[in-house]
Structures are given as structure tokens and as C-alpha cells.
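Tertiary structure, described
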Amino acid sequence: MHKKLLAMILACAMVIGLASCGKSVDNAGSATSTPAASTAAEPAADGAMKVGFVYIGDDSEAYTANFIAAEKAIKEEYGDKVQTIAKYNVAEDAVEDPLVELCEAGCKVIFTTSFGYGEKAKELAAQYPDIQFCQATCANADKDTANYHTYMGAIYQGRYVAGIVAGMKMKELIDAGTITADKAKIGYVAAYPYAEVISGYTAFLMGVRSIVPEAKMEVNYTNSWGDYDTEKTMANAMIEDGCVIISQHSDTEGPAEACEDATKKGTTVFHVGYNQSMVDIAPDSSLISSRQDYAPYEVGAVKAVMDGTELPVDQWAGFDEGWVAMTELNEKIAAKGTQEAMDAAIKDFKDGKLTAKEIYKGDYKGTNPFDKNDTIDLTEGFAENSTQSAPTFAYVLDDVITVLSTN
């Protein structure tokens with residue numbers, strides 16, 4: 001469903017007592033929302049352990065929907081052994097009261113699911129030492145606050161595999177004479193110039209270049225996680241500039257719809273998404289999406305609390321433990337042999353034959369966008385996710401990646 005229509009529906013729903021939100025932007029990981037939060041609680045069973053969740057949005061948004069799927073997995077796994085209490089549409093600068101409410105309600109573990117919640121969640125963890133706080137997409141956990149934990153999937157793996165899919169399509173276009181190798185250009189709609197975003201689009205490009213070494217990338221930053229109009233406008237601009245693949249690290253369907261519109265008009269362009277499959281929105285242009293699956297961590301964390309076992313300070317995994325996943329490949333438009341190439345790469349990740357240090361490696365130099373004196377040489381590779389769950393690679397590759405706009 002179109003995000004603008006969803007916004008209208010949610011706004012109307014406020015009249016009958018449901019909470020809704022208008023999107024603003026904050027820190028890495030998702031859109032923020034203002035200011036009302038709605039709460040849903042599963043009926044309590046005798047002796048049920050209470051589990052709390054704080055969400056930046058609701059299930060109408062792909063980013064939050066991935067976390068809600070993990071909550072459902074907890075309920076399916078433990079049934080009446082747990083009672084879940086969820087706070088929806090909680091702005092990052094308004095998270096304290098919902099967190100305190102969950103603490104006072106007796107939750108034994110609380111999952112906070114947007115980067116901007118991290119500092120307040122850690123602060124409250126110190127005040128409520130008997131409650132386990134699990135914060136996604138953040139990097140501020142330490143041993144001093146033993147009941148505060150961070151987690152995130154090694155999403156560079158999914159980005160790289162998505163890049164292979166795009167590269168296979170690009171090679172097909174080259175082999176067919178539709179484009180020449182010097183026209184192998186990718187457009188990337190990116191939210192912010194943060195490490196999480198830069199690391200992701202670099203891994204994606206490396207996946208493409210594993211198939212088409214000549215491929216280059218243009219990046220447009222929207223400075224928003226959920227601005228449909230800006231995302232679509234930037235995608236259209238890059239399509240007009242000759243990009244034959246458009247990908248994204250942003251939360252709306254704008255780039256996919258831009259590709260589908262262009263395809264219907266006879267332009268050769270394909271799309272790779274994130275967080276959700278966009279094939280239903282763009283059946284003739286969207287190839288695949290990568291996403292994170294938070295269920296393995298959250299289900300395991302609940303079990304640890306039930307059993308009284310220790311949770312790691314920071315935790316991450318990739319395809320090997322099901323923390324990273326791919327949506328179904330659009331076989332209708334994918335290049336021949338794509339599924340086999342994907343399967344081989346995923347197997348190599350699982351077996352440890354393909355590592356970050358091999359992906360972020362080559363005759364490349366990169367520059368920190370915030371400090372031109374801070375550069376990196378990738379001759380020996382870069383070990384992403386070697387020390388923490390949150391990505392740390394934050395260098396724009398010279399000569400092969402061009403930043404067009406910061407909006």
C-alpha cells in the first residue's frame with residue numbers, strides 16, 4: 001500500500017482512538033515518529049513472563065514490521081509462558097516514559113528497536129538492574145551496565161548477495177548489447193552518510209563488481225529514513241542519468257515505484273530493495289531485497305532470561321544463524337543462473353569461506369566524508385563486524401562511488 005495513503009488512514013484512525021504518527025528524522029536505523037504511542041498487551045497467563053517492545057513505527061512500515069515479526073516468533077515459541085506488551089509509534093526523543101511504563105509493568109526483558117533509543121535505554125538499564133534491556137542497531141553496550149545489550153545482523157552479507165543479483169542482471173544487459181560495460185552504472189538512494197549506510201552500499205557495490213568489474217555507483221542522500229517523494233525524485237534523477245540498477249537504504253517504496261514507472265515507459269532499469277520484498281509493487285523491475293531477521297536473537301534472549309543465563313554484551317550473526325535473509329528472487333526478470341549464484345555465495349558465508357575482509361578488499365582507496373584527511377587503503381581488506389554488531393566501515397570509495405547530493 002502507498003505510504004501516503006497509509007498516512008491518511010492512520011490520521012483518520014486517531015479519531016477513533018488509535019495512535020498514529022507523522023514521520024520526522026533522527027539517527028541511524030529508521031524513521032522517527034511523533035509523539036503519541038499506542039500500546040498493545042497480550043493477555044496474561046498465570047506465571048507468564050512479561051516481555052516489552054518499543055517500536056519507532058508500526059506494522060505498516062517495513063523497518064518496524066521486521067521487528068514485529070520477531071515478537072510474533074516469541075509468542076509462537078513460548079505461548080502462554082510470555083505476555084507481550086508493545087509500544088508503537090514512539091519518537092526517539094520521547095522514549096523515556098514508555099520505557100518506564102514497561103519497567104513498572106513488570107517486564108523482565110525489553111527490546112528497543114531504533115538507534116536513537118540507545119542512550120535512554122542504557123540510562124534506564126542502570127536504574128532497573130533486574131530488567132534486561134536489548135537494543136538493536138546501536139553500539140554503546142559495555143560491561144559496566146551488565147543488563148544492557150546490543151544486537152544486529154551482519155547485513156553486509158545480504159547487501160553483497162543482493163549485489164550479485166544486480167551484477168548478474170547487469171552482465172545480462174551487457175551480453176545482450178543493451179548497454180556497454182562503460183554504462184554499467186548503479187544509482188543508490190541512501191538515507192544518511194552514516195557507517196551503517198556506507199558500509200551497506202559498499203558491500204552492495206562489491207557484490208555487483210564481483211560480476212561486472214566495471215560497475216560504478218552514484219549515491220544520493222535524502223537525509224531522511226522515510227521521505228517517499230524525495231526517494232522517488234532522487235531515483236528518477238539517477239534513472240535519467242543512465243543508471244540501470246537502482247538500490248536503496250531507505251524505508252519507502254519510492255525508488256521501486258520510480259523504477260516500475262520508468263520500465264513501463266520503456267527505460268531499461270531494475271531495482272533492488274531493502275527490508276521488504278517490493279516485487280508486488282514493481283513486478284517488472286524489482287529483483288530482490290535483503291533484510292534482517294531479528295527473531296533468532298529475540299527468541300534466544302527471552303529463553304536466556306527465562307533460564308537465568310547470561311546474555312552477551314553485544315551480539316551479531318549473519319546467514320549462518322539466520323540473522324540475515326533474502327526475499328524471494330523475482331525469477332520473471334532475474335538473469336539466468338542468479339539463484340545458483342546467490343545460493344553459492346550464501347553457502348560460502350555460512351561455511352566461513354566468504355568473509356568481510358574478502359568483500360571489502362581490492363585496489364581501492366576510500367575517504368571519510370566528514371574528514372578528507374581520513375582515508376583507507378583496502379589492499380589488505382577491511383574486517384567489518386569483527387568487533388561489534390553495528391557496522392563501522394565509513395569510507396566512500398574514490399573513483400568508483402560518486403556522491404551526487406546530500407539533499
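Residues numbered from 1 in each chain as written. Predicted model: local features only at pLDDT ≥ 70, side-chain atom pairs only at ≥ 80, totals over all residues. Heavy atoms only, no water.

1. Focus: the overall build of the chain
- A tally of regular secondary structure across the chain gives 11 helices and 19 strands.
- When each of the 407 residues of the chain is scored for burial, the buried share is 57%.
- Long-range contacts, defined here as pairs at least 24 residues apart, represent 69% of the contacts in the chain between residues at least 6 apart.
- Split by element, the accessible area of the chain, about 16,500 Å² in all, is 50% carbon and sulfur. (Helix = DSSP H or I, 4+ residues; strand = E, 2+ residues; numbered from the N terminus. Buried < 20%, exposed > 50% of the residue type's maximum accessible area, 1.4 Å probe, protein only. Contact = heavy atoms within 4.5 Å. Areas by Shrake-Rupley, 256 points an atom, 1.4 Å probe, with all protein chains shown as cover.)

2. Topic: the pairing of strand β12 (residues 270-274)
- Counting buried residues along β12, 5 of its 5 residues qualify, which places the element largely inside the surrounding structure.
- Neither face of β12 is left uncovered, since the one carrying Phe270, Val272 and Tyr274 and the one carrying His271 and Gly273 both have all their residues buried.
- By the bridge criterion, 3 bridges tie strand β11 (residues 245-249) to β12 in an arrangement that is parallel. The residue of β12 that forms the bridge with serine 247 is valine 272.
- Inspection of the sheet shows β12 paired to strand β13 (residues 286-292) by 4 bridges, in the parallel sense. Within β13, the position partnered with valine 272 by the bridge is isoleucine 288. (Pairing = 2+ DSSP bridges.)

3. Focus: helix α10 (residues 338-351)
- The first and last C-alpha atoms of α10 sit 20 Å apart over 14 residues, in line with the 20 Å expected at 1.5 Å per residue.
- When we look at burial in α10, the residues that qualify are Thr338, Met342, Ala345, Ile346 and Phe349. In a view along the axis of α10, the buried residues occupy a sector of 100°, so they form one face of it.
- Contacts from the buried residues of α10 go to α5 (156-175), β13, β15 (324-326) and α11 (356-359).
- One or two residues past the end of α10 sits glycine 352, with phi positive at roughly 80°. (Expected span 1.5 Å × (residues − 1). Arc of directions from axis to C-beta.)

4. Here we look at the pattern of salt bridges
- This structure, assessed with the given rule, holds 14 salt bridges.
- A salt bridge links lysine 120 to glutamate 96, with the shortest nitrogen-to-oxygen separation between them at 3.3 Å. Taken together, the residues lysine 120 in helix α4 (residues 118-127) and glutamate 96 in helix α3 (residues 96-104) connect sequence positions 24 residues apart.
- Note on lysine 120: relative accessible area 23%, which makes it partly exposed.
- With relative accessibility at 35%, the residue glutamate 96 sits in the partly exposed group.
- As a salt-bridge pair, aspartate 241 and lysine 185 come within 3.3 Å of each other at their nearest N and O atoms. Here the residue aspartate 241 occupies a position in the loop between α7 (228-240) and β11, and lysine 185 occupies one in strand β9 (residues 185-190), the gap between them amounting to 56 residues.
- Judged by its relative accessible area of 39%, aspartate 241 falls in the partly exposed class.
- Residues joined in a network through salt bridges with shared partners are Glu96, Lys120 and Glu123. (Salt bridge = Lys/Arg side-chain N within 4 Å of Asp/Glu carboxyl O.)

5. Quick notes on the confidence of the model for the chain
- Scored by pLDDT, the chain comes out at a mean of 90, with 88% of its residues at no less than 70.
- This stretch, residues 1-36, has a pLDDT under 50; its non-local contacts, to residues over four places away or in other chains, come to 82 contacts. (pLDDT = per-residue confidence, 0-100.)

6. Section: the packing of helix α2 (residues 62-78) against helix α9 (residues 295-307)
- At a minimum axis distance of 8 Å, the contact between α2 and α9 shows a crossing angle of 45°. Accordingly, the angle class assigned to the pair α2 and α9 is oblique. Taken as a pair, α2 and α9 cross one another with a handedness that is right-handed. On α9, the residues touching Phe67, Ala70, Glu71, Ala73, Ile74, Glu77 and Tyr78 of α2 are Ala295, Glu298, Val299, Val302, Lys303 and Met306.
- For the contact of α2 with α9, the class distribution of residues is 9 nonpolar, no polar and 4 charged. (Axes fitted to C-alpha atoms, helices over the stretch in contact; angles between N-to-C directions. Parallel < 35°, antiparallel > 145°, perpendicular 65-115°, else oblique. Left-handed = near helix turned anticlockwise from the far one by under 90°. Nonpolar A, V, L, I, M, F, W, Y, C, P; charged D, E, K, R; others polar.)

7. Structural notes on the packing of aromatic side chains
- Counted by the stated rule, this structure contains 21 aromatic pairs.
- Seen from their ring centres, phenylalanine 67 and tyrosine 294 are 3.8 Å apart, and the 15° between their planes marks the pair as stacked. Of this pair, phenylalanine 67 sits in helix α2 while tyrosine 294 sits in the loop between β13 and α9; the two residues are 227 residues apart in sequence, bridging distant segments of the chain. For the residue pair phenylalanine 67 and tyrosine 294, the accessibility class agrees, reading buried in each case.
- Of the aromatic side chains, those joined through ring pairs into one cluster are Phe53, Tyr55, Tyr63, Phe67, Tyr88, Phe111, Tyr151, Tyr294, Tyr297 and Trp323.
- If you follow arginine 159 out to its NZ or CZ, it ends over the ring of tyrosine 274, 3.8 Å from the centre. (Phe/Tyr/Trp six-rings, centres within 6.5 Å; stacked < 30°, edge-to-face > 60°. Lys NZ or Arg CZ within 6 Å of the ring centre and 35° of its normal.)

8. Section: the sheet that holds strand β17 (residues 371-377)
- Strands sit in the order β17-β16-β18 across an open sheet of 3 strands; the sheet is antiparallel. Looking at the sheet topology across the chains shown, the edges are occupied by β17 and β18 (396-397).
- With 4 bridges connecting them, strand β16 (residues 365-368) and β17 associate as antiparallel partners. Across the sheet, residue lysine 365 finds its bridge partner in β17, namely aspartate 377.

9. Observations regarding a negative patch on the surface
- Where like charges cluster on the molecular surface, the negative patch consists of Glu328, Glu331, Glu340 and Asp343.
- Within the secondary structure layout, glutamate 328 lies in the loop between β15 and α10.
- Its relative accessible area of 69% is what places glutamate 328 among the exposed residues. (Patch = residues over 30% accessible without salt bridge, like charges linked within 9 Å, V, L, I, M, F, W, Y side chains within 5 Å. Lys, Arg positive; Asp, Glu negative; His and termini not counted. Charge placed at Lys NZ, Arg CZ, Asp CG, Glu CD.)

10. Considering the sheet that holds β9
- The strand order β15-β13-β12-β11-β9-β10-β19 describes an open sheet built from 7 strands, whose pairing is mixed. At either end of the open sheet lies a strand with only one pairing partner, and these are β15 and β19 (401-405). Direction aside, the axes of adjacent strands within the sheet are offset by 20° on average.

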